[in-house]
Amino acid sequence: MTTAGRDNLMRAEARERAALISDPTYEIRLDLRTGDVTFESETIARFTCDTPGSSTFIDLDAVELHEVVLNGRTLDLSQTPDARIQLDGLEATNELSVKATCEYTRTGTGLQRTLDPVDKRAYTYTQFEPFDAHRVFACFDQPDLKATFVFDVEVPEEWVVISNMRASSRPDEGKSGRWVFDVTPVMSTYLAAICAGPYDGVFDKTSQNGGIELAWWCRKSLRKYLDPDELFDITKAGFDFFQERFDYPYMIDSYDQVFCPEYKFGAMENLGCVTYTENFIYRSKVTEAERERRAEVILHEMSHMWFGDLVTMRWWDDLWLNESFATYMAYLAKERATRFVTSFVSFANDEKAWAYRQDQLPSTHPIVADIPDVHATHLNFDGITYAKGASVLKQLVAWVGEEPFFNGLRRYFKDHAYANTELSDFLKPLAEESGRDLETWSREWLEKAGVNSVRADYETDGTTITSFAITQTAPQEHPHLRSHRMAVGLYTGGKLERSLELDVVGERTEVPDLVGAPLPEVVLPNDKDLAYTKIRFDERSLQTLTERLKELEDPLARALSWGAAWDMVRDAELPARRFVELVCNNLPSETNIGMMRDFLGRASSAINIYGNPANRTHARSKLADVARAEMLGSEPGSDMQLAWARTFISSARSTDDLELIRGLLDGTEEIGGLVVDTDVRWLIVTWLAITGAAGQDLIAAELERDPTDQGERYAAAARAGRPSAEAKAEAWERVVGDAEISLAMLRSIMGTFQAPDQEELVEPFAPRYFEELVPFWGRRGLDLGLSFAGGMYPDLFTHDVVSATDELLASDALPHPLRRILLEQKDDTLRVMRGRAADGSL
């Protein structure tokens, strides 16, 4: 057998192991009282072997192995390779005991340990997807070897322990001791969870099915910021929606949700114990768009309790289906069960934009990806797996019909409960319920990469349409045309006059039903956003939208129009400064806060990234002037005021503008309704530091006001953003030389290291990046290595950077994950260079 090596697992190995053993169970005892670097781990694993006498291995990444006993035989530990324990001479039924010392992490994987600087309390939590459970206990760490788990955890005084199940035995309050948990349902190793520390909890209960016990947990120092009423409201609405839609009850009687410090991802769907980033605890005022985003994540993870936890993919090839389904269902649940009734406007703004960007990179891949090993999985937590997959599922629902879709889905859950499946298991009941050919659909949509473009091709007699067709094209790199279910909308005076739904197949689809219709001002292909495709407008429609996009009454139609304009910027078809003009002319009238937030951000990207640097000062000044006026003129305390204020702060360059934001910080200036709270203060401090209008003293004073770990990360980012050679050298040394840096801190520093207008200061670090990349990867491992590779890539957008990238790509020794990131970064660089050339040609 060819092996993958330390902390990796090949698909072929996993299949071979799954064919050999079955029915594993785990009893796991952890002792978290032994220090702040390591902990003790004991596992008793029981399993059957279909071929007695054969051999396999169990995964464990330990600092030290103390004892391994298989069926009464003590094994020779000297023959154990890294992260694996060889198991020879298996019997029909087996019992394995493993005692080891394991290590806490600072990368958000395995068992993370974080010290809260506010009260010096320590918090731990686990993160196991896709292949990190074996950092904490011995297990067959692959999704298709489902097992039951019993956790027995010893912790210090005042700690609580939260796991997949509620505790069956726990110490008296305030006492150290053992927490023993009920046996879990059968589930994959990556779904097991332990959160231990002095977490503070709030509790409630659902009303359905006898009531599910609910809890939200967070650090004690953040408890005052928790908003449990809204969190419970979203949770209860989700359970009501999913249990009715799926016609399958939630599997256990408790549901814990835990905010975790220095969290690596947005959230993780551990069965009955969902973990979240603390970014969703709001220490400052946020807009409704940010609350909607949090609701999406809550509902996404809850959807996984059925699709992912109850029924689980066999291998990571089908990760896309797991994540895409949860993404689509979260948006549907938001729209149907919560106050966020324009949910699919956000879907168009956020998910579709992410998908289109990812699908045009050289690293794009079919939705059904080839995942030969676990390391490849890390690279596919991307816009194809999540956003394109969800977009295509949205198209699938339109293709088969919503009722057949959910009828098939209910059959899927009942037929495969507690088992592992592949894509064909999912599509079969949908095809049977709808009568649609999903084999052809799957080949077109799931097995081929790339995004198509559609446009309306029509003729008129000056007042009516005399011929109408939808044409479809494909990029040269992925010349595949697809079958789309889409709508075509005709708009005049901002109002929808007519919308027609049809199948678009091949290069040209005639639409005779629109012949004779009055000539509209705007023709919107993919009205209602049913299909996954880029839109290109005819000249009449484009001219109308340029002048009066704000007049479109339907927020989804506006979102699609904004999105198409942004696509044109990225494709060097619309100069960046014209996009900024479009934003300044139309966005002040926008009523959807999510759309406003997204496209204010993209206006800043147009200026700082895609725009010619020679035009930057004028474009930024124009945006700052509009943002300042809207900030002062918006309803006091409104989301719109806050969104414009954030944009104004991060666009301020003139002396007057910088004086205003400094006055907001020190209290000498006030704007009615605008609360200069913690996040706004740090935004001002960071921007003043980036522009050179403030130094270490101001940063230190703000950190004294906010001596939290979040404050420490804000301060580090502000220091890294200062426009001096010394500041850049200090930041580089912290990133490269600090062996104890956490992943969260690394990301904060990298976020401002290459701040706008600082190209000359960071240019000397470009050759150092290419020299350091592979050694850093070797020293620091996958999580920090991936972040460094993307976050510190030189944002200089020059041919020299492209040449240096090509030179490194020519190396046969370059690890595959780094190769992919470099290919993506090079493509982005070339795209920006084309955009800047287009902006400079006016």
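Everything numeric here is computed off the predicted structure, so don't read it as measured data.

Asker: What's the story with the packing of aromatic side chains in this structure? I'm lost.
Answerer: The relation between two aromatic rings is expressed through the spacing of the ring centres and the mutual angle of the planes. Under the criterion given, the structure shown has 55 aromatic pairs. Ring centres of phenylalanine 137 and phenylalanine 149 lie 6.2 Å apart, and the angle between their planes is 70°; on these two criteria the pair is classed as edge-to-face. Here the residue phenylalanine 137 occupies a position in the loop between strand S9 (122-127) and strand S10 (148-155), and phenylalanine 149 occupies one in strand S10, the gap between them amounting to 12 residues. A relative accessible area of 0% places phenylalanine 149 in the buried class. Clustering of aromatic rings is evident, with ring pairs tying together Phe239, Phe241, Phe242, Phe246, Tyr250, Tyr255, Trp306, Phe307, Phe325, Tyr412, Phe413 and Phe426. The ring centre of phenylalanine 344 lies 5.1 Å from the NZ or CZ of lysine 394, which sits over that ring. Cation over ring: lysine 728 sits above phenylalanine 753, and NZ or CZ is 5.5 Å from the ring centre.

Asker: Got a minute to help me understand the environment of alanine 614 in this structure?
Answerer: Within the element layout of this structure, alanine 614 appears in the loop between helix H14 (593-610) and helix H15 (616-633). The class for alanine 614 is exposed, based on a relative accessible area of 70%. The spacing of alanine 614 and glutamate 158 is 456 residues in sequence and 59 Å in space, taken between C-alpha atoms.

Asker: What's the story with the packing of helix H19 (residues 696-705) against helix H20 (residues 709-721) in this structure? I'm lost.
Answerer: Each pair of packed helices can be summarised by the angle the axes make with each other and by the distance between the axes. Running from amino to carboxyl end, H19 crosses H20 at an angle of 170°, the nearest separation of the two axes being 9 Å. By the criterion of interaxial angle, the relationship of H19 to H20 is roughly antiparallel. Contact residues: Gln696, Ile699 and Leu703 in H19; Gly711, Glu712, Ala715, Ala718 and Arg719 in H20.

Asker: Sorry if this is basic, but what is going on with the sheet that holds strand S22 (residues 453-460) here?
Answerer: Pairing between sheet strands relies on hydrogen bonds along the backbone, with the strands arranged either parallel or antiparallel. The strand order across the open sheet formed by four strands is S26-S23-S22-S28, and the pairing between neighbours is mixed. Strands at the two margins of the open sheet, each flanked by one partner only, are strand S26 (508-510) and strand S28 (534-536). Across the sheet, the mean angle separating the axes of adjacent strands is 25° when strand polarity is ignored. As paired strands, S22 and S28 are joined by three bridges and run parallel to one another. Across the sheet, the residue bridging to serine 453 is lysine 534, located in S28.

Asker: Explanation requested: the sheet that holds strand S15 (residues 200-205) in the structure shown.
Answerer: One open sheet holds the five strands; their spatial order is S15-S16-S17-S19-S18, and the pairing between them is mixed. With one partner strand each, in any of the chains shown, S15 and strand S18 (267-268) form the two edges of the open sheet. Taken together, the six bridges between S15 and strand S16 (residues 213-218) define a ladder with antiparallel strand orientation. Bridge pairing in S16 links glycine 201 to tryptophan 217. In the packing of helix H2 (residues 228-246) onto the sheet, the strands contacted are S15, S16 and strand S17 (254-260), and the crossing angle to S16 comes to about 140°. Each of S16, S17, S18 and strand S19 (273-277) is contacted by helix H3 (residues 288-304), which is oriented at about 150° to S19, the strand it contacts most.

Asker: How should a negative patch on the surface be read in this particular structure?
Answerer: Residues Asp656, Glu659, Asp666 and Glu669 make up a contiguous surface patch of negative charge. For glutamate 659, the position within the fold is in helix H17 (residues 655-666).

Asker: Whenever I open this one, unusual backbone geometry confuses me. Can you help?
Answerer: Glycine aside, negative phi is the norm for most residues, and most peptide bonds take the trans geometry. Residue proline 130 is reached from glutamate 129 by a cis peptide bond, and omega for that bond is 0°. Relative to the helices and strands, proline 130 resides in the loop between S9 and S10. A positive phi is found at glutamate 158, a non-glycine position, where the angle reads about 80°. Within the secondary structure, glutamate 158 is located in the loop between S10 and strand S11 (160-163). Of note in the backbone geometry, aspartate 757 takes a positive phi value of approximately 70° without being a glycine.

Asker: What am I meant to see in the pairing of strand S24 (residues 484-492) here?
Answerer: Walk down a regular strand and you will see the side chains alternate between the two sheet faces. In terms of residue burial, S24 counts as a mostly covered element, since eight of its nine residues are buried. One ladder, built from nine bridges, connects S24 with strand S25 (residues 495-504); its direction is antiparallel. Across the sheet, the residue bridging to glycine 489 is serine 499, located in S25. The turn linking S24 back onto S25 is made up of two residues, and glycine 493 within it adopts a positive phi angle of 60°. Where S24 lies against strand S27 (residues 522-527), five bridges are found, and the strand directions are antiparallel. What sits directly across from valine 488, in S27, is proline 525.

Asker: What should I look at first to understand the packing of helix H4 (residues 319-337) against helix H8 (residues 402-416) in this one?
Answerer: The interhelical angle for the contact between H4 and H8, taken along N-to-C directions, is 125°, at an axis separation of 15 Å. Accordingly, the angle class assigned to the pair H4 and H8 is oblique. Like other packed secondary-structure pairs, H4 and H8 cross with a definite hand, here left-handed. Of the residues in H8, those in contact with Phe325, Met329, Leu332 and Arg336 of H4 are Glu402, Phe405, Phe406, Leu409 and Phe413.

Cut-offs and rules
Residues numbered from 1 in each chain as written. Predicted model: local features only at pLDDT ≥ 70, side-chain atom pairs only at ≥ 80, totals over all residues. Heavy atoms only, no water. Phe/Tyr/Trp six-rings, centres within 6.5 Å; stacked < 30°, edge-to-face > 60°. Helix = DSSP H or I, 4+ residues; strand = E, 2+ residues; numbered from the N terminus. Buried < 20%, exposed > 50% of the residue type's maximum accessible area, 1.4 Å probe, protein only. Lys NZ or Arg CZ within 6 Å of the ring centre and 35° of its normal. Axes fitted to C-alpha atoms, helices over the stretch in contact; angles between N-to-C directions. Parallel < 35°, antiparallel > 145°, perpendicular 65-115°, else oblique. Contact = heavy atoms within 4.5 Å. Pairing = 2+ DSSP bridges. Patch = residues over 30% accessible without salt bridge, like charges linked within 9 Å, V, L, I, M, F, W, Y side chains within 5 Å. Areas by Shrake-Rupley, 256 points an atom, 1.4 Å probe, with all protein chains shown as cover. Salt bridge = Lys/Arg side-chain N within 4 Å of Asp/Glu carboxyl O. Lys, Arg positive; Asp, Glu negative; His and termini not counted. Charge placed at Lys NZ, Arg CZ, Asp CG, Glu CD. Left-handed = near helix turned anticlockwise from the far one by under 90°.

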